[in-house]
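Given next are the chains, with one letter for each unit.
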Amino acid sequence: EAQVTQNPRYLITVTGKKLTVTCSQNMNHEYMSWYRQDPGLGLRQIYYSMNVEVTDKGDVPEGYKVSRKEKRNFPLILESPSPNQTSLYFCASRITGGFRNQPQHFGDGTRLSIL
Amino acid sequence: EDKVVQSPLSLVVHEGDTVTLNCSYEVTNFRSLLWYKQEKKAPTFLFMLTSSGIEKKSGRLSSILDKKELFSILNITATQTGDSAVYLCAVEGNTNAGKSTFGDGTTLTVKP
């Protein structure tokens, strides 16, 4: 089944303790992206990757890191999490990162609480 | 900076009503506008619009784009309780192909 898989789905942690949210897709998609969603707000883009070893900042990259060492995986790293990073996080992918029009496929989300 | 404004922010209707959701946008070098439906978890794709005046239709849902006035509408006829969701509008431009800008969404509640 074609899907985007995020882990963990839920995490409660404390300020300053490094964490990684994994994202994996099995559709051989070139493009992957991370978003955060806060109550009453839409999705805000954190980072995106047009292809392996190519990453770029979205609108809210502060406090986050990403890497794209292989096509299927795009982990989101919080080196020193803070309470303002408490949010619902979505990973998404689409076929290409170029100028072709395609929708994104989203994972089921990761709910992070940072105390 | 790209911008998407959706209205209304929330809407409560009864089954059988018709609703119109609005999305206005500003984006450098427009490429596409997309509508997604978000229930309890992941957003799911509804429509992609790239050309003005061409209606996209899927069952009771339809959408159209006006590139001159920079807006799109999503219509839902004969609403059902299963249409209750957050509807998200997003735009993408050609200047920065990887960026997607979303609006805050419209929360639709359909009562029996």
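In case you missed it, the structure is sitting above this.
It should be emphasised that the depicted structure is a prediction, and the values quoted were computed from it without experimental measurement.

### Thoughts on the overall build of chain A
Here's step 1: Along chain A, the regular secondary structure elements total zero helices and eleven strands.
Here's step 2: Listing every helix and strand of chain A by position from the N terminus yields β-β-β-β-β-β-β-β-β-β-β.
Here's step 3: Rg of the C-alpha trace for chain A: 13 Å, near the compact-globule value of 13 Å for 115 residues, within the 12% margin.
Here's step 4: The C-alpha extent of chain A, read off along each of the three principal axes, is 40 × 30 × 25 Å.
Here's step 5: Looking at chain A residue by residue over its 115 residues, the buried ones come to 50%.
Here's step 6: A sequence separation of at least 24 residues applies to 55% of the contacts in chain A between residues at least 6 apart.
Here's step 7: Total accessible area computed for chain A in this model is approximately 5400 Å², and 51% of it derives from carbon and sulfur atoms.
Here's step 8: Here chain A carries 14 positive and 10 negative side-chain charges, and the mean point of each set is 2 Å from the other.

### Brief notes about the pairing of strand β3 (residues 19-25) of chain A
Residue and element names in this part refer to chain A.
Here's step 1: Along β3, five of the seven residues are buried, which leaves the element largely enclosed by surrounding structure.
Here's step 2: Relative to β3, strand β1 (residues 4-7) is paired through four bridges, and the arrangement is antiparallel. Note that in β3 the partner of Gln 6 across the bridge is Cys 23.

### A look at the packing of aromatic side chains
Residue and element names in this part refer to chain A.
Here's step 1: On inspection of all chains with the given rule, the structure shows ten aromatic pairs over all chains.
Here's step 2: For the ring pair Phe 90 and Phe 106, a centre distance of 6.4 Å and an interplane angle of 90° mean the geometry is edge-to-face. A residue pair is termed long-range when its members are at least 10 positions apart, and Phe 90 in strand β9 (residues 87-94) and Phe 106 in strand β10 (residues 105-106) qualify at 16 residues. Each member of the pair, Phe 90 as well as Phe 106, is classed as buried.
Here's step 3: Over the face of the ring belonging to Tyr 31 we find Arg 94, whose NZ or CZ atom lies 4.1 Å from the ring centre.

### With respect to the side chain of Gln38(B)
Here's step 1: When you line up the elements, Gln38(B) lands in strand β4 (residues 30-38).
Here's step 2: For Gln38(B), a relative accessible area of 6% corresponds to the buried category.
Here's step 3: Here the side chain of Gln38(B) touches Gln37(A) through a polar contact of 2.9 Å, side chain to side chain.
Here's step 4: Once residues within four sequence positions are removed from consideration, Gln38(B) is found in contact with Gln37(A), Phe90(A), Pro43(B), Ala85(B), Val86(B) and Leu88(B).

Procedures and definitions
- Residues numbered from 1 in each chain as written.
- Chains lettered and ligands numbered in written order.
- Predicted model: local features only at pLDDT ≥ 70, side-chain atom pairs only at ≥ 80, totals over all residues.
- Heavy atoms only, no water.
- Helix = DSSP H or I, 4+ residues; strand = E, 2+ residues; numbered from the N terminus.
- Rg over C-alpha atoms; globule rule 2.2 N^0.38 Å.
- Buried < 20%, exposed > 50% of the residue type's maximum accessible area, 1.4 Å probe, protein only.
- Contact = heavy atoms within 4.5 Å.
- Areas by Shrake-Rupley, 256 points an atom, 1.4 Å probe, with all protein chains shown as cover.
- Lys, Arg positive; Asp, Glu negative; His and termini not counted.
- Charge placed at Lys NZ, Arg CZ, Asp CG, Glu CD.
- Pairing = 2+ DSSP bridges.
- Phe/Tyr/Trp six-rings, centres within 6.5 Å; stacked < 30°, edge-to-face > 60°.
- Lys NZ or Arg CZ within 6 Å of the ring centre and 35° of its normal.
- Polar contact = N/O pair within 3.5 Å; in protein donor to acceptor, adjacent residues only side chain to side chain.

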